[in-house]
Amino acid sequence: MGKGLVIAAAAAACTVAVVLVGKRVRSRKKWKRVVDVLREFEEACETRVGRLKQVVDAMAVEMHAGLASEGGSKLKMLLTFVDTLPTGSEKGTYYALDLGGTNFRVLRVHLGGQRSSIQAQDVERDPIPSHLMTSTSEDLFDFIAQSLKQFVEREGSDSHSSPSKKRELGFTFSFPVKQTSVSSGILIKWTKAFAIEDTVGRDVTECLQEALARKGLDMRVTALVNNTVGTLALGHYHDEDTVAAVIIGTGTNACYMERTDAIIKCQGLLTSSGGMAVNMEWGNFWSSHLPRTSYDIDLDASSPNPNDQGFEKMISGMYLGDIVRRVILRMSQEYDIFGPVSPKLLTPFMLRTPLMAAMHEDDSPELTEVRRILKDALEISDVPLKVRKLVVKVCDVVTRRAARLAAAGIVGILKKIGRDGSGGSTSTKSNKMKRTVVAIEGGLYTSYTIFREYLHEALVEILGEDVAQHIVLKETNDGSGVGAALLAASYSAF
């Protein structure tokens, strides 16, 4: 009897052992498959320097094509009619209006007549009532004009404004516009939450100017710009070697100074400087050399603008967090590493890029910030440390690809204008190594340290150290506001 119990107990123990071993084997196999998903993703996102140089060449080719004819390229290469950038000699008080979303800003900037001498600056932000976004053109611009008037009326005695001089304004309008002069442009369509039918096809400067007249405010719009051109202006105001500007934030875009004789689609175009700022709209760049994955394809297909803004969807802050979410979701659905799939993990854009960056930059031994964000943002609890490390690695792969592709885009611009040290058509021995500044704005670059480091690293890899030491990426702050005011000064009638 006792012997039988012993045998039974031994048999039970063997059964338990077999079950445990089986679980461990299955667990190891499952973990291996999860790691394989990460490895496959990492390989698909690969950005070795050879591939980056192919992206550089493709960017330069598309720029040429976009300058040759309308619709000749995914890059729109829009003319801005800005042929003069601030030099530092600008003096006096100028205004800016920045309209690009559910808020708008008005600014007053006093310039001292020397480079980088902004002596005073006042800023006011106002929300736009939601009903005005779908009302009439007159209602919207009257509201903005009234706010501008009240802003001007609150000027103190130290506002530096000359009573005998007409006030001048730079207007940053961040919606699709066909520019017709430096101070005028036709609205192509509204985006974001705006849908005011009677503004489409009209000159937006004229709409604002008429509203200012109705409100009795004697102010003239001297420059209509987008935020990237404002960043270029601000960069040049601080450093005369600035030739291009890039914004890498929620969205992304670039502009640069081009020779007018290279803008073939506008033959006979003459400017006093021989150059013009070109708004690339580079978010729409595409090339077969871009390392696209199944996650990018799915994101694009489910977006409001499929087959559009392909470059932006791989490098900008609007999308990086969601690419990470999609990779984690696949791991969760197929291999159950997080337990039951969280409804929030199924929700597009639930993991915002700032949260992704916070996880990526978590340097605590236990990755406590990663644990907190997974729980709070995605409702995934009790995640083991090794899985948290896996999540950080996914963030790293997405960020590294984005930063390195952004660097390739920048070098593409430098190649087009002969500043990449390659001896292209517009460079000579004497200017190959000329100091070249690219103004850069946007939270992805300015606030995300690892992104910035990856971008700089790729720039050196592509250009080589001898050339890269002559390329300066210089942060600017508020091109859409201060930059617009500076352009108002550059095109002042006084």
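Residues numbered from 1 in each chain as written. Predicted model: local features only at pLDDT ≥ 70, side-chain atom pairs only at ≥ 80, totals over all residues. Heavy atoms only, no water.

Outline the nonpolar core, supporting the account with residue identities and numerical values.
Formed by 94 residues in total, the largest nonpolar core has its most connected members in Tyr256, Met280, Trp282 and Leu455. Residues contacting Met280, with those up to four places away along its chain left out, are Met59, Met63, Leu75, Lys76, Met77, Asn253, Ala254, Cys255, Tyr256 and Ile413. Within the second largest apolar cluster, 33 residues are counted, among which are Tyr95, Val106, Leu132 and Val204. (Core = buried A, V, L, I, M, F, W, Y, C linked by side-chain atoms within 4.5 Å. Buried < 20%, exposed > 50% of the residue type's maximum accessible area, 1.4 Å probe, protein only. Contact = heavy atoms within 4.5 Å.)

Which residues make up the sheet that holds strand β5 (residues 167-173), and what values go with them?
With mixed pairing, the five strands of this open sheet are ordered in space as β4-β3-β2-β5-β8. Strands with a single pairing partner mark the edges of an open sheet, and in this sheet they are β4 (118-127) and β8 (219-225). Taken over all neighbouring pairs, the strand axes of this sheet differ in orientation by 20° on average, direction set aside. Note: strand β3 (residues 103-112) against β4, nine bridges, orientation antiparallel. (Pairing = 2+ DSSP bridges. Helix = DSSP H or I, 4+ residues; strand = E, 2+ residues; numbered from the N terminus. Axes fitted to C-alpha atoms, helices over the stretch in contact; angles between N-to-C directions.)

Talk me through the packing of helix α9 (residues 353-360) against helix α11 (residues 385-416); I want residue IDs and the actual numbers.
Running from amino to carboxyl end, α9 crosses α11 at an angle of 115°, the nearest separation of the two axes being 9 Å. Considering how the two elements wind past one another, α9 and α11 form a crossing that is left-handed. Residue-level inspection shows Met356, Met359 and His360 of α9 in contact with α11, the latter providing Val391, Val392, Cys395, Asp396 and Thr399. Residue classes in the contact of α9 with α11 are distributed as five nonpolar, two polar and one charged. (Left-handed = near helix turned anticlockwise from the far one by under 90°. Nonpolar A, V, L, I, M, F, W, Y, C, P; charged D, E, K, R; others polar.)

If you had to explain the environment of Ala223 to someone new, which residues and values would you point to?
Among the structural elements, Ala223 can be located in strand β8. Among the residues examined, Ala223 registers a relative accessible area of 1% and is labelled buried. Between the C-alpha atoms of Ala223 and Phe171, which are 52 residues apart in sequence, the distance is 6.1 Å. Apart from residues no more than four positions distant in its own chain, Ala223 is found in contact with Leu169, Gly170, Phe171, Val182, Ser183, Leu487 and Ala488.

Run through the sheet that holds strand β1 (residues 78-79), naming residues and quoting values.
Ordered in space as β1-β11-β10-β9-β12-β13, the six strands form an open sheet in which the pairing is mixed. In this open sheet, the two strands that pair with only one neighbour each are β1 and β13 (471-475). In this sheet, strand β12 (residues 436-441) lies alongside strand β9 (residues 242-248) in parallel orientation, the contact comprising five bridges. Across the sheet, Ile247 pairs through a bridge with Glu441, a residue of β12. On the sheet, helix α5 (residues 227-238) packs against β9, β10 (252-259), β11 (275-279) and β12 and is oriented at approximately 135° with respect to β9.

Can you lay out the pattern of salt bridges for me, pointing to particular residues and giving the numbers?
A side chain of one charge can pair with a side chain of the opposite charge when the charged atoms of the two come close. Inspection of the entire model under this criterion finds 37 salt bridges. Taking the shortest distance from any N to any O, the salt bridge between Asp57 and Lys415 comes out at 3.6 Å. Of this pair, Asp57 sits in helix α2 (residues 49-68) while Lys415 sits in helix α11, and the two are 358 residues apart along the sequence. Relative accessible area serves as the criterion here: at 37%, Asp57 is assigned to the partly exposed category. For Lys415, a relative accessible area of 29% gives the class partly exposed. One salt bridge in this structure joins Arg167 and Glu155, with 3.3 Å as the shortest N-O distance. Separated by twelve residues along the polypeptide, Arg167 in strand β5 and Glu155 in the loop between α3 (137-153) and β5 bring together distant segments of the chain. Via salt bridges that share partners, Lys32, Asp36, Arg39 and Glu43 belong to a single interconnected network. (Salt bridge = Lys/Arg side-chain N within 4 Å of Asp/Glu carboxyl O.)

Could you give an account of the confidence of the model for the protein, with specific residues and numbers?
Detailed reading of predicted coordinates is not advised where the pLDDT is low. Averaged over every residue, the pLDDT of the protein is 90; the share at 70 or more is 91%. Ignoring residues within four places in sequence, the model shows residues 10-24, a span with pLDDT below 50, making zero contacts including any to other chains. Confidence over residues 424-431 falls short of pLDDT 50; this stretch has seven contacts with residues more than four positions distant or in other chains. (pLDDT = per-residue confidence, 0-100.)

Let's hear about helix α6 (residues 294-301): which residues, and what values?
Those residues of α6 not exposed but buried are Tyr295, Asp296, Leu299 and Asp300. Buried residues of α6, viewed axially, fall in a sector of 135°; they line one side. (Arc of directions from axis to C-beta.)

If you had to explain the environment of Gly235 to someone new, which residues and values would you point to?
In this fold, Gly235 is placed in helix α5. Distance in space between the C-alpha atoms of Gly235 and Thr476 is 6.3 Å, their sequence separation being 241 residues.

Break down unusual backbone geometry for me, with residues and values.
Backbone phi values are negative for most residues with the exception of glycine, while trans is the configuration of most peptide bonds. Not every positive phi belongs to a glycine, and Glu281 is a case in point at roughly 50°. Overall, the relative accessible area of 26% leaves Glu281 in the partly exposed class. Phi is positive for Asp336, which is not a glycine, with a value near 55°. Within the fold, Asp336 resides in the loop between α8 (320-335) and α9. Residue classification places Asp336 among the partly exposed positions, given a relative accessible area of 42%.

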